Amino acid sequence: MELLPRSPRDFGSAAYWERFFRQRGQRPFEWYGALPELRAVLRRYVRPRDKVLVVGCGNSELSEQMYDAGLCEDIVNIDVSEAVVRQMQERSASRRPGMSYLLMDALQMDFPDALFQVALDKGTLDAILTDEEEATLAKADRMFAEISRVLQVGGRYLCVSLAQAHVLRKAVEFFSQEGWVVRVHQVPASESKQQFVLPIFVYVMTKFKKVPGSAPQILEICPEDQDKPTRMQSVELLLEAVRDRQHYALLRSQLSKTSGTEQLSLDLCSSQSGSPRYTLHVVDSPSMKASRDNHFAIFIIPQGRETEWLFGTEEGRRQLAASAGFRRLVAVALHREQHYEGMAGIQAELSGKVMELAPPGLPAGQQVPFLSVGGDIGVRTVQHRDTSPLSGEYVVEDVKGDDKCYFRRLIFLSNRNVVQSEARLLAPPPLPGQKKRRKDKRKPGSIEPPLTIDKSYLCCEHHKAMVAGLCLLESTDPLPAPLSVLVVGLGGGSLPLFLHDYFSRAHVAVVEIDPSMLEVATRWFGFSQGDRMQVHISNGLDYVAKLAAEAQYDAVMFDVDSKDFTVGMSCPPPAFVERPFLQKVKTILKPEGVFVLNLVCRDAQLKESVLATLREVFPLLYARCIDGEVNEILFCQPGPQVPWQPTELLARARALETALRQPGRPWDSSYILTDMLQAVKIL
């Protein structure tokens, strides 16, 4: 028997529902669930002595269940189908004297004004608002006007709905403009037995007298696991909050049925602030052999380490899941704006939510482990937060690394998954006669107060490669004298500081467009200017153009990020690799000099175009890819030199390493320039 309409518009037709209920007979049709699913919301807004109107009742058992449960004693049900009204009258007439069923259209009711305290609608609005045609919207307006008329001041209109965007928007805009308080509840998925993948919502509109003028709208949402509502500042934000919950339900449904190779990510937001609190990455390894204990695990990424390759890239997380040995791993990143009460607190907070993401086939009662590095959640301390007119909002934070060292990082919040600058911190030496504090007396999660930046350590692999590029300079002396270097892009100052300190006869000029970054580098990263180190606050394009008449630099290094996220190249800005500008760069290099470029480009076609332009300008072009990162360091030379042979480059690198390891000068063992040059290729 065909009960479905030919088109969605038929849902708003009285003739369709008359035919539907005649064909369906006595079997109840529960549109969006019954009392067990809706009880919590109904008890909150329906009092036993309220006079309740149910619009579009159909043959649902909800009214009968509410009456029998004592939720209310006086219920009037209306519907446009004569067949269903007759059915329901016969079903309840003798057993429920406080219930009545009337043949009536919700768009034109015969009741006097202000007769009811509650109007309940389970799916009727969704059936009427099947589209956004003018005639359809006019029907909704008539229904809303009638509900408003028959409700008393302080009365509640409860609308059970799937919350399609156009339906929710229409209801919220109509009633909020009338001065009503609008609150949206999500029906808890764990209790819901409806057939829909999307969650069910209940709009609760409370009638107030309309105040002349422009009174503020009161819009709220109650998440499924919260009784306390969250205030939303606009209709758009309320719609977005509902849409996020619908997307989460779809994701949860997808994950409960299949395991795939595509990684899915989602944010869980704080109910108080609405800002992201956790970011969850769901990583499946379907090829892994299944056993009882390897179905599902949660991995808490230590604070401050979410940008590392292992945790911050899809490939890294796949490797993490494989090494952990679980068929589905949920990697959880913690946000800097939030406070966490240790691993136990996170586990208590997330246990219920992450189980909704469990894979198919998880054995009943299976204990799901929470994992982390070293069993803790890491340490992150925000030292400074500010906003730059050029770089936007940024933070300087100290984090604990995997080797128990602490690092200071500069993060632009417009691109919070990228570390702009990083420096290792040195703990202060103990004072004379001062005993070293025992580790077991340190408070959990506390940071030792580091006083100095370790200038001997370059944290960024691409900076190490850029330094190694100096081996390409034509000189028998591994430390040319004098060595003149131009660095475009200051950041935290780690690269120019290293060049200044380890190349004792080098003169370093730094160009930085953002004066805020000079302040950050000086205050937080140990940067300072002097006779051999000068910073010029200028646009790098303009500064190079002014110098184009003179050839004065042994090396020019570009380490400057782009603020345009619409281009598939985040470093450098596209203007820095256009042919006319590269010609200017070539003119300020000595004939035997080297131009070193940090290229971060995810657009393969754009990258090939950049490389082609570089080849046109520079006869010699070398490249060094950074393992596990998008960065590629390009070494460009202007003169007609014969390309260096690999053995020659390695010999020069060893000589430079020896020269840099001088007595009294700290040198970190990870700076093996030969390693950096072994993977260099000629383009």
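Since we're looking at a predicted model, the values are computed, not measured. (Residues numbered from 1 in each chain as written. Predicted model: local features only at pLDDT ≥ 70, side-chain atom pairs only at ≥ 80, totals over all residues. Heavy atoms only, no water.)

S.K.: Describe the overall build of the protein chain, with residues and values.
M.R.: Secondary structure assignment for the protein chain yields 19 helices and 28 strands. A burial count over the protein chain gives 52% of its 683 residues as buried. (Helix = DSSP H or I, 4+ residues; strand = E, 2+ residues; numbered from the N terminus. Buried < 20%, exposed > 50% of the residue type's maximum accessible area, 1.4 Å probe, protein only.)

S.K.: Give me the lowdown on the nonpolar core, citing residues and values where you can.
M.R.: Ranked by internal contacts, the top residues of the largest apolar core, which has 43 residues, are Leu53, Ile78, Phe111, Leu125, Met143, Tyr157 and Tyr203. Considering every element that reaches this core, the biggest residue donor is helix H7 (residues 165–177), with six residues. Residues contacting Tyr203, with those up to four places away along its chain left out, are Leu125, Tyr157, Leu158, Cys159, Ser161, Ala163, Val167, Leu168, Ala171, Arg183 and Val184. Core analysis: the next-biggest nonpolar cluster, separate from the first, contains 38 residues, Leu458, Leu473, Val487 and Ala653 among them. (Core = buried A, V, L, I, M, F, W, Y, C linked by side-chain atoms within 4.5 Å. Contact = heavy atoms within 4.5 Å.)

S.K.: Give me the pattern of salt bridges: which residues, what numbers.
M.R.: For the structure on display, the rule yields 36 salt bridges. A salt bridge links Arg149 to Glu146, with the shortest nitrogen-to-oxygen separation between them at 2.9 Å. Note that Arg149 and Glu146 are positioned in helix H6 (residues 134–150) at a spacing of three residues, about one turn of the helix. In this structure, the salt-bridge partner of Glu397 is Arg336, at a minimum N-O distance of 2.8 Å. With Glu397 in strand S16 (residues 392–400) and Arg336 in the loop between strand S13 (328–334) and helix H11 (342–355), this pair connects stretches of sequence that are 61 residues apart. Like Glu397, the residue Arg336 is buried in the burial classification. A network of salt bridges, in which partner residues are shared, links Glu64, Asp68, Arg91 and Arg96. (Salt bridge = Lys/Arg side-chain N within 4 Å of Asp/Glu carboxyl O.)

S.K.: Go over the pairing of strand S5 (residues 151–161) with me, naming the residues and quoting the values.
M.R.: Of all 11 residues in S5, eight are buried; the element is thus mostly enclosed. Pairing of strand S4 (residues 116–122) with S5, which is carried by six bridges, proceeds in the parallel orientation. Looking at S5, one finds that Lys122 is bridged to Val160. (Pairing = 2+ DSSP bridges.)

S.K.: Help me get a handle on the packing of H7 against helix H8 (residues 235–257), residues and values and all.
M.R.: The N-to-C vectors of H7 and H8 enclose an angle of 145°; their axes lie 11 Å apart at closest approach. Note that H7 runs across H8; the crossing there is right-handed. Seen from H7, the contacting residues are Ala165, Leu168, Arg169, Val172 and Glu173; seen from H8, they are Val235, Glu236, Leu238, Leu239 and Val242. Classifying every residue of the contact of H7 with H8 gives seven nonpolar, no polar and three charged. (Axes fitted to C-alpha atoms, helices over the stretch in contact; angles between N-to-C directions. Left-handed = near helix turned anticlockwise from the far one by under 90°. Nonpolar A, V, L, I, M, F, W, Y, C, P; charged D, E, K, R; others polar.)

S.K.: Tell me about the environment of His507, and name the residues and values.
M.R.: Within the fold, His507 resides in strand S21 (residues 506–512). If we ignore the near neighbours within four places in the chain, the residues touching His507 are Leu483, Ser484, Val485, Asp531 and Arg532.

S.K.: I'd like a rundown of the sheet that holds strand S11 (residues 276–284), residues and numbers included.
M.R.: Pairing in this open sheet of five strands is mixed, and the strands run S10-S11-S13-S12-S14 from one edge to the other. The open sheet is flanked by strand S10 (264–269) and strand S14 (370–371), the only strands paired with a single partner. Taken together, the five bridges between strand S12 (residues 296–300) and S13 define a ladder with parallel strand orientation. Counterpart to Ile300 in the pairing with S13 is Val332. Along the sheet face, H8 touches S10, S11 and S13 and points at about 135° away from the line of S10.

S.K.: Please provide a residue-by-residue account of the sheet that holds strand S18 (residues 419–426), values included.
M.R.: Either a parallel or an antiparallel arrangement is found when strands of a sheet pair, and the pairing is made through backbone hydrogen bonds. Taken in spatial order, the five strands of this open sheet run S15-S16-S17-S18-S19, and their pairing is antiparallel. Every interior strand has two partners, whereas the edge strands, strand S15 (380–388) and strand S19 (452–453), have only one. As paired elements, S18 and S19 share two bridges and run antiparallel to each other. Bridge pairing links Leu425 to Ile453 in S19. Of the strands in this sheet, S15, S16, strand S17 (406–412) and S19 are in contact with helix H14 (residues 515–524), which crosses S16 at around 20°.

S.K.: Before we move on, can you summarise the environment of His166 with the specific residues and values?
M.R.: Counting through the fold element by element, His166 comes out in helix H7. Judged by relative accessible area, His166 falls into the buried class, the value being 16%. Sequence separation between His166 and Asp126 is 40 residues; the distance between their C-alpha atoms is 9.9 Å. Apart from the residues lying within four places of it in its own chain, the contact partners of His166 are Leu129, Thr130, Asp131 and Glu132.

S.K.: Quick rundown of the pairing of strand S26 (residues 620–625)? Include the residues and the values.
M.R.: Burial of S26 is extensive: five of the six residues sit out of reach of the surface. Bridge count between S26 and strand S27 (residues 632–637): six bridges; the pairing is antiparallel. What sits directly across from Tyr622, in S27, is Phe635. Linkage of S26 to S27, two consecutive antiparallel strands, is achieved through a turn of six residues, within which Gly628 is found at a positive phi near 75°.

S.K.: Talk me through the confidence of the model for the protein chain; I want residue IDs and the actual numbers.
M.R.: Detail in the predicted coordinates should be disregarded across regions flagged by low pLDDT. Mean pLDDT over the protein chain stands at 83; residues scoring 70 or higher make up 83%. In the model of the protein chain, helix H1 (residues 14–24) stands out as the element of lowest mean pLDDT, 46, in contrast to strand S1 (residues 51–55), which has the highest, 96. Low confidence marks residues 24–29, where pLDDT is under 50. Its contacts with residues over four positions away, or in another chain, come to 15 contacts. (pLDDT = per-residue confidence, 0-100.)

S.K.: Mind laying out the packing of H6 against H7, listing which residues take part and the relevant values?
M.R.: Interhelical geometry of H6 versus H7 gives an angle of 45° and a closest axis separation of 11 Å. As far as their axial angle goes, H7 and H6 are oblique. When you trace H6 past H7, the crossing you get is right-handed. Of the residues in H7, those touching H6 at Leu137, Ala140, Asp141, Phe144 and Ala145 are Lys170, Ala171, Phe174 and Phe175. (Parallel < 35°, antiparallel > 145°, perpendicular 65-115°, else oblique.)

S.K.: How would you summarise the packing of aromatic side chains if you had to cite specific residues and measurements?
M.R.: As enumerated under the stated definition, the model contains 16 aromatic pairs in all. Aromatic pair Tyr157 and Phe175: ring centres 5.5 Å apart, planes at 55°, arrangement tilted. One end of the pair, Tyr157, is in strand S5; the other, Phe175, is in helix H7, with 18 residues separating them in the sequence. Exposure class is identical for Tyr157 and Phe175. Each is buried. Seen from their ring centres, Phe558 and Phe576 are 5.5 Å apart, and the 85° between their planes marks the pair as edge-to-face. Taken together, the residues Phe558 in strand S23 (residues 553–558) and Phe576 in the loop between strand S24 (569–571) and helix H16 (579–587) connect sequence positions 18 residues apart. Under the relative-accessibility criterion, Phe558 is labelled buried at 0%. (Phe/Tyr/Trp six-rings, centres within 6.5 Å; stacked < 30°, edge-to-face > 60°.)

S.K.: Can you break down H7 residue by residue, with the values?
M.R.: Counted at 1.5 Å a residue, the expected span for H7 with its 13 residues is 18 Å, and the 18 Å between its end C-alpha atoms agrees. The set of residues buried in H7 consists of His166, Val167, Leu168, Lys170, Ala171, Val172, Phe174, Phe175 and Ser176. (Expected span 1.5 Å × (residues − 1).)

S.K.: I'd like a description of unusual backbone geometry, backed by residues and values.
M.R.: The residue after Cys571, namely Pro572, is reached through a cis peptide bond having omega -5°. Of note, Pro572 is situated in the loop between S24 and H16. For Ala114, which is not glycine, the phi torsion reads 55° and is therefore positive. Mapped onto the elements, Ala114 comes out in the loop between strand S3 (99–103) and S4.

S.K.: Explain the environment of Ser256 to me, using residue names and the numbers behind them.
M.R.: When you line up the elements, Ser256 lands in helix H8. Residues Ser256 and Ala358, 102 residues apart in the sequence, show an inter-C-alpha distance of 6.4 Å. Residues within four places of Ser256 in sequence aside, it is in contact with Ala358 and Pro360.

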